[in-house]
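Overview (structure and organization)
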Amino acid sequence: MVKVTVCGAAGGIGQPLSLLLKLNPQVTELALFDIVNAKGVAADLSHINTPAVVTGYQPANKEDKTAVVESLRGTDLVIIPAGVPRKPGMTRADLFNINASIIRDLVANIGRTAPNAAILIISNPVNSTVPIAAEVLKKLGVFNPKKLFGVTTLDSVRAETFLADLLNVSPGSLQGRISVIGGHSGDTIVPLINASPEVARKVSNLTTDQYNKFINRVQYGGDEVVKAKNGAGSATLSMAYAGYRFAENVLASLAGKESTAAIPDSSYIYLPGIPGGKELSTKYLKGVDFFSVPVVLEQGQIKSFINPFEILKVTEGETKLVQVALEGLAKSIDQGTAFV
Ligand code: APR
């Protein structure tokens, strides 16, 4: 029996993400919460002939808290793509003021109603919304760092796609072969592409210009979508796919399955809450505590992480990218923590 709750389920990300979750045979109950149209989306999805029972929850008015509480009761996994998307000219940081309070309030409800649930945060800016969630849960006395995840999988998906394109190999072949670490916005995103000898050999044939363009495209790939959608929002379908890919990892771990990936997907986590995390932060990250690293999951939570600097080969160039990332991250984390 696995209950999954999606908060922001009627949105551009929420709808396709909910569809993918409805197709997962492990999910027995799918609770869709949104401030609008959750019941409509739930009715629609409920006609699909897979086991998950789908229910929609939406508040009757602004003061009504019963809908969100009911959607969260007894849930194992909460995925949050609630908020406003990015419009042209907006950075993910511009979203902060609106999305910060949405995350704060939703996570407070999760902490009170479903303190043992794993929480996957998609709402941007992830670099700040995850620290906000951590702070809220800390204040409620229910913070389990092993169960709080910032979803950065889209950066890995993009890196796999864009690099495969450059190397002329199939994109699927690079899954688990590139690690994206750091944060989830612009130059806080650091793709490590020398993770396996076979990939490294091919990458060494790229020109510096090709390599730099690749890094830049992974870091700012979201802008391509924002521009092409021309006012209609940011990435939704690729983000839903990426969010589902990470959720699938969590669901598999709940079923006791071990990942077979060469390198598991990364997630933006609170390092000091994971064994060895404080050391990673102090030794390599100038004390920055929230950072995306490949995570090994067990029973719906983080069992361990892969220290990129000790297990993967980090080049001098990549080390420089990490230094740049740390500056941006430190600011976004402080902004998030101070908000609560
Ligand atoms: N509780 C629940 N749902 C909410 C709340 C709230 N407090 N506030 C807004 N929503 C819902 C909206 O009603 C909408 O259905 O969140 C959904 C957001 O959907 P879109 O506006 O289509 O935005 P989307 O493109 O899905 O992006 C959502 O994810 O990647 C991030 O940057 C993106 O922060 C943005 C978020």
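Here's a quick rundown of the structure.

1. With respect to the packing of aromatic side chains
Here the structure, examined in full by the defined rule, presents 6 aromatic pairs. Arranged with centres 5.5 Å apart and planes meeting at 55°, the rings of F149 and F246 form a pair that is tilted. In this pair, F149 sits in strand β6 (residues 148–150) while F246 sits in helix α9 (residues 237–254), placing the two residues 97 residues apart along the sequence. The class of F149 is buried, set by a relative accessible area of 0%.

2. Considerations on the site of the ligand
Around the ligand there are 21 residues in total, and G12, I13, D34, N99 and N124 lie nearest to it. The backbone of G12 places a nitrogen or oxygen atom 2.7 Å from an oxygen atom of the ligand. Note that an oxygen atom of the ligand is positioned 3.1 Å from one of the backbone N or O atoms of N124. Expressed as a share of its isolated accessible area of 720 Å², the protein-covered part of the ligand is 84%. A breakdown of the residues in the shell around the ligand according to their chemical character gives 12 nonpolar, 8 polar and 1 charged.

3. A word on helix α5 (residues 126–140)
Between the first and last C-alpha of α5 there are 21 Å, a value that for 15 residues agrees with the 21 Å anticipated at 1.5 Å per step. Taken as a whole, α5 has its buried residues at V126, N127, S128, T129, V130, P131, I132, A133, A134, E135, V136 and L137. Its buried side turned inward, α5 meets α4 (96–113), β5 (118–121), β6, β9 (266–270), β10 (290–298) and α12 (316–339). G141, located one to two residues past α5, shows a positive phi value of around 75°.

4. Concerning helix α6 (residues 153–167)
Along its 15 residues, α6 runs 21 Å from first to last C-alpha, staying within 8% of the 21 Å computed at 1.5 Å per residue. In terms of burial, α6 is largely enclosed, as 12 of its 15 residues are buried. What α6 keeps buried is the set T153, L154, D155, S156, V157, R158, A159, E160, F162, L163, A164 and L167. Where α6 is buried, its residues meet β7 (179–182), β8 (189–192), α7 (197–203), α8 (208–229), α9 and β9. In the segment just after α6, N168 is the residue with positive phi, at about 60°.

5. Here's the deal with the pattern of salt bridges
Scanning the model with the defined rule gives 10 salt bridges in all. With a closest N to O distance of 3.7 Å, E29 and K3 form a salt bridge. You can see E29 sitting in strand β2 (residues 29–33) and its partner K3 sitting in strand β1 (residues 3–7), a full 26 residues away along the chain. You can call K3 buried: its relative accessible area is 7%. Where K138 meets E135, a salt bridge forms, and the shortest distance between an N and an O atom there is 3.8 Å. Taken together, the positions of K138 and E135, both in helix α5 and 3 residues apart, correspond to about one turn of that helix. Looking at K138, the relative accessible area reads 38%, which means it is partly exposed.

6. Description of the pairing of β10
For β10, the buried fraction is high: 7 of the 9 residues fall into the buried class. Both β9 and β10 contribute to a ladder of 5 bridges, which runs antiparallel. Paired with Y268 across the bridge in β10 is S292. Across 4 bridges, the pairing between β10 and strand β11 (residues 301–305) is antiparallel. Bridging from a neighbouring strand, E298 pairs with Q301 of β11. A loop of 2 residues connects β10 with β11, the two strands running antiparallel in sequence, and Q299 in this loop sits at a positive phi of about 50°.

7. Comments concerning the pairing of β9
Buried residues dominate β9, accounting for 5 of its 5 residues. With burial as the criterion, each face of β9 is covered, one bearing S266, Y268 and Y270 and the other bearing S267 and I269.

8. Points about the packing of α4 against α12
A packed helix pair is summarised by two numbers, namely the angle formed by the two axes and the spacing between the axes. Contact geometry of α4 with α12 gives a least axis separation of 11 Å together with a crossing angle of 55°. Relative to α12, the element α4 is oriented oblique. Like other packed secondary-structure pairs, α4 and α12 cross with a definite hand, here right-handed. For the pair formed by α4 and α12, the contact residues are F96, A100, S101 and R104 on the first element and Q335, G336 and F339 on the second. For the contact of α4 with α12, the residue count by class is 3 nonpolar, 3 polar and 1 charged.

9. Observations concerning the nonpolar core
Within the largest apolar cluster, 91 residues are counted, with the highest numbers of intra-cluster contacts made by L21 and I80. Examining the composition of this core, we find that 8 residues originate from one element, α9, more than from any other. If we skip the residues at most four places from it in the chain, L21 touches V4, V6, V27, L30, I79, Y244, A247 and L251. The next biggest cluster of nonpolar side chains, apart from the first, holds 16 residues, and it includes I178, I189, V203 and I215.

How each quantity is defined
Residues numbered from 1 in each chain as written. Predicted model: local features only at pLDDT ≥ 70, side-chain atom pairs only at ≥ 80, totals over all residues. Heavy atoms only, no water. Phe/Tyr/Trp six-rings, centres within 6.5 Å; stacked < 30°, edge-to-face > 60°. Helix = DSSP H or I, 4+ residues; strand = E, 2+ residues; numbered from the N terminus. Buried < 20%, exposed > 50% of the residue type's maximum accessible area, 1.4 Å probe, protein only. Near = heavy atom within 4 Å. Polar contact = N/O pair within 3.5 Å; in protein donor to acceptor, adjacent residues only side chain to side chain. Areas by Shrake-Rupley, 256 points an atom, 1.4 Å probe, with all protein chains shown as cover. Nonpolar A, V, L, I, M, F, W, Y, C, P; charged D, E, K, R; others polar. Expected span 1.5 Å × (residues − 1). Contact = heavy atoms within 4.5 Å. Salt bridge = Lys/Arg side-chain N within 4 Å of Asp/Glu carboxyl O. Pairing = 2+ DSSP bridges. Axes fitted to C-alpha atoms, helices over the stretch in contact; angles between N-to-C directions. Parallel < 35°, antiparallel > 145°, perpendicular 65-115°, else oblique. Left-handed = near helix turned anticlockwise from the far one by under 90°. Core = buried A, V, L, I, M, F, W, Y, C linked by side-chain atoms within 4.5 Å.

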